[in-house]
Amino acid sequence: MTSPDDAGPDLSRRVNFSIVTPVFNPDRKAFEACIKSVRNQEYPHWEWCLVDDRSTSWWVWPRLRFLSLIDRRIKVRRRSENGGISAASNDALGLATGEYVALLDNDDELTEDALAVVNHHIVHNPDVDYLYSDEDKILEDGTYGGRFTKPDWSPERLLCQNYCSHLSVIRRSIVSELGGFRAGYDGAQDHDLLLRVMDFDRSVVHIPEVLYHWRVAAGSTAADVSEKPEAVNAGRRAVEDAVIRRGITGEVLDAGAWYHRVKRRPTSTPRVSIIIPTCGTEGVIWGARNAFVENLVASISACSTYPDYEIVIVYDRGTNPLLLRRMQDSGLNLRLVEYTKPFNFSEKCNIGAVESTGEVLIFLNDDMEVISPDWIETLAAMVEDPTVGAVGPLLLFDNYLVQSAGHHAIGPGHFARGMSPKSPAAGGWPLVLNREVSGLTGACLAIRREVYFQVGGFSEQLPLNYNDVDLGYKIQADGLRLLWTPDVALFHFESKSREIEVSDEEKDFVRRLWGRFISGYSREPFVP
Amino acid sequence: MDIELDFSNLQGRRHAASLIDNMSVSELKLAVLRAIDHAHKISAEMIENRAMTDAAIGQLAGLRNEVQGLRKLLDEILPNWEKLQK
């Protein structure tokens, strides 16, 4: 994806846009601002399809008629009866003739360069089917603020949240094939449409610029979606329908913050190998001194509901033999593999993988404790998707604050470290959503065996730090996604105040190979 | 037995070949895993180098354009300057 260069938007190809706007009793001042924002577009090749959904305000239809008379690009229609936003939007689509449709609400505004910028991205991505931009809000005092800086294309996140929202520009032929908006999904009609568009493999471009100003008004979803409970219900049904259409096995949960989350169930029960590198370190856990690995194994045994798993412990020579004996005699499906060399986390994990027999591998640090009983099946279900490379869970300190919720690329580092898991975080409520991430911590990571071997496992040239960062980039370089889910939670008893000291050599190693994922970004690609 | 295999040269390949009959299955698996990681790294480094080369070529093209512009300007200014000197 390219950005407009310093010379301005590329106009070597001129796309015709159809702006589609259903109209119903808009605030007059807001509607005039909306009109101005369209007619002031730098890019002139557009038509605006407005359908009055039988507004009761007397001035609306005369205003639309006048607009169509003074500007040939503006097409208007009035419905014979009020049908709701989806019906009016479909009528507007019926007027459209452009190659792409851009969705605009009747009280919102486009930036002056919106269509020029979108055209530029289409010129540079001629096969693109769908483009979405960043947005901000028109606040009650008329100023712009509250920018929503969106992640790059995140299909998993879209299943939970219509993060794409405004400005959305879709190839018109696709919208036509799908029959436009569906009746009965008013309030979430855009989300439902996008989910149906994305049932198939599409070319998507994220434009990391604000091209749309979304008006905050009392009673609007821009202010608070909970103001419109029917919108929340429609959103749930849209997600439920997508789950059924796509043959996903799972249930749609209320994620809180008016979003929904799909909790998958595995379609089969492959053996899962839980690989734990350890040297038998002891520490204080819940006020009592214990060996971390023993506490972890006990929590796996006590909590887990998955029927077929094995535990492979790769222990250092010098680990307390009594500890090893206790674990060996635990009656669990547990293997002990001795590691005799100087510490190398990556090599220990690779040895564990080679000695394991499971189709799915879960790597765990020994200073963890299971919280979610269905943690194995949930992680296994998410890695079943062939487009997914690895999945990571929510990790909490023993004070219930976030230890890790995925990595962010710039740094890299743990996202949301020290925050409450219920926090809106960066404002997009990423801590309650299944979503794509730039990286996952090796403290707990699930991956299909075939993928782990395909990427060469953890790199043994990184014995201490950044081996998980490197693994994540290898997976993404192979075209697979990294996902994070809050549906699985574990405690991670890593010291809350411990600073991870990454050497310059480790940083240089990763930058030399993955500069296009790190320094090539001026922003975090999956920013929450 | 810790096996490090390097397939990039003849000596490395001969060494690897000599080990085959005595390798355990686990050792072989680890050796293959390391080789895959190594190949992945080579590919990643090539892509990075290509990107850096492309960026450098782009910068050079930009510099060349600037130089050409300056030369043109000099061609215009110099005759007048020489006249003034006289």
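Every value quoted in this text rests on a predicted model; they were computed, and no experiment measured them. (Residues numbered from 1 in each chain as written. Chains lettered and ligands numbered in written order. Predicted model: local features only at pLDDT ≥ 70, side-chain atom pairs only at ≥ 80, totals over all residues. Heavy atoms only, no water.)

Q: Would you mind showing me how to read the overall build of chain B here?
A: The helix and strand tally for chain B stands at 2 helices and 0 strands. In terms of its C-alpha atoms, chain B occupies a principal-axis envelope of roughly 90 × 20 × 15 Å. (Helix = DSSP H or I, 4+ residues; strand = E, 2+ residues; numbered from the N terminus.)

Q: How should the state of the cysteines be read in this particular structure?
A: Where two cysteines share a covalent bond between their sulfur atoms, that bond is called a disulfide. All names here are of chain A. Enumeration according to the criterion identifies 0 disulfides over all chains in this entry. With no disulfide of its own, Cys160 lies closest to Cys164 among cysteine sulfurs, the gap being 12 Å. A relative accessible area of 0% places Cys164 in the buried class. (Disulfide = S-S within 2.5 Å. Buried < 20%, exposed > 50% of the residue type's maximum accessible area, 1.4 Å probe, protein only.)

Q: What exactly am I supposed to notice about the nonpolar core here?
A: Looking at soluble globular proteins, one finds that nonpolar side chains tend to be buried together. Residues A:Phe363, A:Ile447, A:Tyr452 and A:Ile475 are the most contacted members of the largest nonpolar core, which totals 40 residues. No other element matches helix α11 (residues 345–355) of chain A, which puts 5 residues into this core. In this structure A:Tyr452 touches A:Cys349, A:Asn350, A:Ala353, A:Leu361, A:Phe363, A:Ile447, A:Gly457, A:Phe458 and B:Leu33, once residues within four positions along its chain are discounted. (Core = buried A, V, L, I, M, F, W, Y, C linked by side-chain atoms within 4.5 Å. Contact = heavy atoms within 4.5 Å.)

Q: Help me out: how do you make sense of the side chain of A:Ser55 in this one?
A: All names here are of chain A. In this structure, Ser55 sits in the loop between β2 (46–52) and α2 (60–70). In this structure Ser55 comes out as buried when scored by relative accessible area, which is 6%. One polar contact links the side chain of Ser55 to the main-chain amide nitrogen of Asn25, over a distance of 2.9 Å. Engagement of the side chain of Ser55 in a polar contact is seen with the side chain of Asp52, the distance being 2.6 Å. When residues no more than four places from it in sequence are discounted, the contact partners of Ser55 are Val23, Phe24, Asn25, Val60 and Arg78. (Polar contact = N/O pair within 3.5 Å; in protein donor to acceptor, adjacent residues only side chain to side chain.)

Q: I keep staring at the interface of chain A and chain B and nothing clicks. Help me out?
A: Interface size is commonly expressed as the accessible area that is lost once the parts come together. On the side of chain B, 14 residues touch chain A, which itself brings 26 residues to the contact. Taken together, both faces of the contact between chain A and chain B bury some 1,600 Å²; the carbon and sulfur share is 56%. Contact with chain B buries area across many residues of chain A, yet A:Val354, A:Leu513 and A:Arg516 alone supply 31% of it, more than any other trio. Remark: the boundary between chain A and chain B carries 5 salt bridges. In this structure, the salt-bridge partner of B:Glu45 is A:Arg512, at a minimum N-O distance of 3.0 Å. (Buried area = accessible area lost by both parts, 1.4 Å probe. Salt bridge = Lys/Arg side-chain N within 4 Å of Asp/Glu carboxyl O.)

Q: When you look at the packing of aromatic side chains in this model, what are you seeing that I'm missing?
A: When we look at a pair of aromatic rings, we describe it by the centre distance and by the angle of the planes. All names here are of chain A. Inspection of the entire model under this criterion finds 15 aromatic pairs over all chains. Between the aromatic rings of Phe17 and Tyr43, the centroid separation amounts to 5.7 Å while the plane-to-plane angle is 70 degrees, which identifies the pairing as edge-to-face. Of this pair, Phe17 sits in strand β1 (residues 17–23) while Tyr43 sits in the loop between α1 (28–39) and β2, and the two are 26 residues apart along the sequence. Of the two residues, Phe17 and Tyr43, both sit in the buried class. Note on Trp286 and Phe491: the rings are 5.0 Å apart at their centroids and 80 degrees apart in plane angle, and the pair reads as edge-to-face. Of this pair, Trp286 sits in the loop between β13 (282–285) and β14 (288–291) while Phe491 sits in strand β25 (residues 481–492), and the two are 205 residues apart along the sequence. By relative accessible area, Phe491 is classed as buried at 5%. (Phe/Tyr/Trp six-rings, centres within 6.5 Å; stacked < 30°, edge-to-face > 60°.)

Q: Which parts of the structure should I look at to understand the environment of A:Val391?
A: Residue and element names in this part refer to chain A. Along the chain, the position of Val391 falls in strand β19 (residues 388–396). Residue classification places Val391 among the buried residues on the basis of a relative accessible area of 0%. Along the backbone, Val391 and Glu377 are 14 residues apart, and their C-alpha atoms lie at a distance of 12 Å. Beyond its immediate sequence surroundings of up to four residues, Val391 is in contact with Leu379, Met382, Val383, Leu440, Cys444, Leu445, Ala446, Leu483 and Thr485.

Q: How should I be thinking about helix α12 (residues 375–384) of chain A in this particular structure?
A: In an α-helix, one full turn covers 3.6 residues, which means residues spaced three or four apart are oriented alike. Taken across its 10 residues, α12(A) has 9 buried, putting it largely inside the fold. Those residues of α12(A) that fall on the buried side of the exposure criterion are A:Trp375, A:Ile376, A:Glu377, A:Thr378, A:Leu379, A:Ala380, A:Ala381, A:Met382 and A:Val383.

Q: Help me understand the pairing of β2(A), please; the structure alone is not making it clear to me.
A: For a regular strand, side-chain orientation follows a simple rule: the groups alternate between the two sheet faces. All names here are of chain A. Most of β2 is tucked away, with 7 of its 7 residues classed as buried. Burial along β2 is two-sided: the residues Trp46, Trp48, Leu50 and Asp52 and Glu47, Cys49 and Val51 are all buried. Here 7 bridges tie β1 to β2, and the two strands are oriented parallel to one another. For Val23, the partnering residue across the bridge sits in β2 and is Asp52. This β-α-β element, β1 to α1 to β2, shows right-handed connectivity. As a crossover connection, the stretch from β2 through α2 into strand β3 (residues 74–78) is right-handed. (Pairing = 2+ DSSP bridges. Right-handed = clockwise from strand over helix to strand, strands pointing away.)

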